[in-house]
Amino acid sequence: MDIRITGLKMVQRAHSGHIGGAFSMSEIMSVLYFDKMNIRPDEPDWEDRDRFVLSKGHCTVALYPTLALRGFFAPELLDTFRKIDGHLSGHAEMRYVPGVDMSTGSLGQGFSAAVGMALGAKLRGKDLSVYAVMGDGEIQEGQIWEACMFAGAQKLDNLIGIVDSNKVQLDGTVKEVLDTGDLRQKFESFGFFVQSVDGHDVEAFADAIDRAKAEKGRPSMIIADTVKGKGISFMEGQSAWHGKTPDEEQFKTAFAELYQRAEELGA
Amino acid sequence: MAEKIATRHAYGESLEKLGEDPRIVALDTDVSTCTMSVIFGKRYPDRFFNCGIAEANMIGMAAGLSTFGYIPFVHAFAMFMAGRGYDQIRNSICYPGLNVKCIGTHAGLSVGEDGATHQCVEDIALMRAIPGMTVICPADGKETVEAVRAIARYQGPVYLRLGRLAVETVTDVDGYTYQIGKAVQLRQGSDVAIIATGLMAGEAVRAADMLKEEGIAARVLNMHTIKPLDEEAVLKAAEETGCIVTAEEHNVMGGLGGTVSEVLAEGCPVPMRRIGVQDRFGRSGDARELLKQYHICAEDICLAAKKVIVQKEK
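A brief report on the enclosed structure follows. Bear in mind that the values here come from a model prediction, so they are computed numbers and not experimental data.

Criteria and cut-off values
Residues numbered from 1 in each chain as written. Chains lettered and ligands numbered in written order. Predicted model: local features only at pLDDT ≥ 70, side-chain atom pairs only at ≥ 80, totals over all residues. Heavy atoms only, no water. Helix = DSSP H or I, 4+ residues; strand = E, 2+ residues; numbered from the N terminus. Rg over C-alpha atoms; globule rule 2.2 N^0.38 Å. Buried < 20%, exposed > 50% of the residue type's maximum accessible area, 1.4 Å probe, protein only. Contact = heavy atoms within 4.5 Å. Areas by Shrake-Rupley, 256 points an atom, 1.4 Å probe, with all protein chains shown as cover. Lys, Arg positive; Asp, Glu negative; His and termini not counted. Charge placed at Lys NZ, Arg CZ, Asp CG, Glu CD. Buried area = accessible area lost by both parts, 1.4 Å probe. Salt bridge = Lys/Arg side-chain N within 4 Å of Asp/Glu carboxyl O. Polar contact = N/O pair within 3.5 Å; in protein donor to acceptor, adjacent residues only side chain to side chain. Expected span 1.5 Å × (residues − 1). Pairing = 2+ DSSP bridges. Axes fitted to C-alpha atoms, helices over the stretch in contact; angles between N-to-C directions.

1. What about the overall build of chain B?
Here's step 1: Each helix and strand in chain B was counted, giving 13 helices and 14 strands.
Here's step 2: Whereas a compact globule of 314 residues would reach a radius of gyration of roughly 20 Å, chain B reaches 19 Å, a difference of no more than 12%.
Here's step 3: Each of the three principal axes of chain B carries a C-alpha extent, and together these read 60 × 35 × 35 Å.
Here's step 4: Buried residues in chain B amount to 63% of all 314 residues.
Here's step 5: Counting only contacts in chain B whose residues sit at least 6 apart along the sequence, the fraction spanning at least 24 positions is 78%.
Here's step 6: Split by element, the accessible area of chain B, about 11900 Å² in all, is 49% carbon and sulfur.
Here's step 7: Across chain B, the centroid of the 33 positively charged side chains sits 1 Å from that of the 40 negatively charged ones.

Here's what the structure looks like:
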């Protein structure tokens, strides 16, 4: 919830940002950065760290708050999101933002970089995991499947791909725009160990990560069943909220819902 | 006459020598026996990856590999490196400033018989338009060896343009040193300056010899680095000769002719002509015959040189 609240504040200050796809992956980020990933926030370039690639690079509204809350940089820096005098670019930016392992934004490219990192880690003999989160619309890009083919053929078992399957893309639902069909079957045929889990159930997702790490001899893909705009009633499942900024009234409602949910969770 | 060698062959041998550095890794897209990365692959199989016919993924993976301290050399035909891989080179390599070397072979018309789909005459323009990219096009085998060493040492993204055709060595001139961004003078002269890149450097030298017989002293500058351009050498040539001819196996738009004319227009406007592909697609045919048909030979350079000399004297 903290990631969502911090993210929404960030969008409010910037007057822009992609909320929908960020809110569908908030639990994913929380499990990775606060539980599973082996990282050192005070030493962001530590060479033995686990790597994370936000292949759906537009969802910095999930990434930057996570990094700030995890201690990679001061939360005040979030005020510079999408601002001309700051470095928190609209899409993920590795050169100037501590904790960002790859610059992304052009869809389909991040996963290839993650595959390259997994290969690099193997070559260096490093025992670390490389995580990459893709959108379920993003995987319409052919490059994703080129990368899958390589990762499968090379048996990169240190690679854990995650599809944030929120079923909605910019123009409409994934089914309407271009149905991607049976993803489990597709990824399996590319040589992946595939798991389907509820992407908002932190325990189930954490267990899936453990199983993926334990799996040897093939890369992993976790298809996370999620809801676009999760946590805000009027945004949930709506393609209109892919990249739209709420008005003042909508911000009020959204924050009220998030704070109420946070209270219920005892946060 | 010296033995002819294709720049891609010189490249392959040179990359193999560089392989002593354990940071060098090579990736190819099922054309390793054409790009000649196969030589490295045979010597260092653990650091060679055939990515299949998938340029986009290869370039993206190279970005990831470079973050682990490797220096990836990625290989494809120029058409599919700079053309198909443009977005990946721009966003995954150049934007984050990663240390990846993009090798585009079989560039230009001189691919010959394979025809227009494989004759990339836009790669220099595409690559040079990307901020932070270094663009290099060696004149011959000897220079290629120097260029490969230099780009391996250089920290940052590079596009290296190589050709299929065997070419004569023209850079065995006294005092030759290779430095990224520094033009090499192959002939002295003050009547006109011919600025050439890639295999056209050989044509430029031939043109200068032909002009000499007519009493015209042509300076020849081998512009092996198109970006960053040696603006000083261009402006000096313009000031000292008063007219310029550029020569490239590339569209005259956006390539060497384009970049030289930009510098001249701002710094020292003098009469100039651009020898190159005149905004047309290539076609199948023998490489040398194609260069003739597209008017990018020594004879065409001579004609252009005489025209700009007349123009400057008006």
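2. With respect to the interface of chain A and chain B
Here's step 1: Taken together, the contact between chain A and chain B spans 27 residues of the former and 26 residues of the latter.
Here's step 2: Of the roughly 2100 Å² buried between chain A and chain B on both sides combined, carbon and sulfur atoms contribute 61%.
Here's step 3: Together, Gln109, Leu123 and Arg124 of chain A form the three largest contributors to the area buried by chain A at its contact with chain B, with a combined 25%.
Here's step 4: Between chain A and chain B we count zero salt bridges in total.
Here's step 5: Our enumeration of links across chain A and chain B arrives at 10 residue pairs in polar contact (both at pLDDT 80 or more).
Here's step 6: Looking at the side of chain A that touches chain B, the elements with two or more residues in it are α5 (109–124) and α6 (142–153) of chain A.
Here's step 7: The greatest single-element share of the side of chain A that touches chain B, amounting to 11 residues, is contributed by α5 of chain A.

3. A look at helix α4 (residues 55–66) of chain B
Here's step 1: With 12 residues, α4 of chain B should cover 16 Å at 1.5 Å per step; its first-to-last C-alpha distance of 17 Å lies within 8% of that length.
Here's step 2: In terms of residue burial, α4 of chain B counts as a mostly covered element, since 12 of its 12 residues are buried.
Here's step 3: When α4 of chain B is considered as a whole, its buried residues turn out to be Glu55, Ala56, Asn57, Met58, Ile59, Gly60, Met61, Ala62, Ala63, Gly64, Leu65 and Ser66 of chain B.
Here's step 4: Elements that come into contact with the buried residues of α4 of chain B comprise α5 and α6 of chain A together with β2 (24–28), β4 (71–77), α5 (78–84) and α6 (86–94) of chain B.

4. Observations concerning the sheet that holds strand β13 (residues 244–251) of chain B
All names here are of chain B.
Here's step 1: Read from one edge to the other, the open sheet built from five strands follows the order β9-β11-β10-β13-β14, with strand pairing classed as mixed. Only two strands of the sheet have a single partner each, and these edge strands are β9 (184–187) and β14 (272–277). The average angle at which neighbouring strand axes cross in this sheet is 25°, direction not considered.
Here's step 2: Relative to β14, β13 runs parallel, the two being bridged by five bridges. Residue pairing in the sheet places Ile244 in a bridge with Met272 of β14.
Here's step 3: Taken strand by strand, helix α9 (residues 200–213) contacts β9, β10 (192–196), β11 (218–222), β13 and β14, and its axis lies near 160° from that of β10.
Here's step 4: Docked against the sheet, helix α10 (residues 231–241) engages β10, β11 and β13, running at close to 175° with respect to β11.

5. With respect to the pattern of salt bridges
Residues and elements named next belong to chain B.
Here's step 1: Taken as a whole and judged by the stated rule, the model has 29 salt bridges over all chains.
Here's step 2: With its nearest N and O atoms 3.3 Å apart, the salt bridge here joins Glu16 to Arg43. Here Glu16, found in helix α1 (residues 7–18), pairs with Arg43, found in helix α3 (residues 38–43); they are 27 residues apart in sequence, far enough to count as distant.
Here's step 3: The class for Arg43 is partly exposed, based on a relative accessible area of 46%.
Here's step 4: Connected via shared salt-bridge partners are Glu203, Arg206, Arg288 and Glu299.

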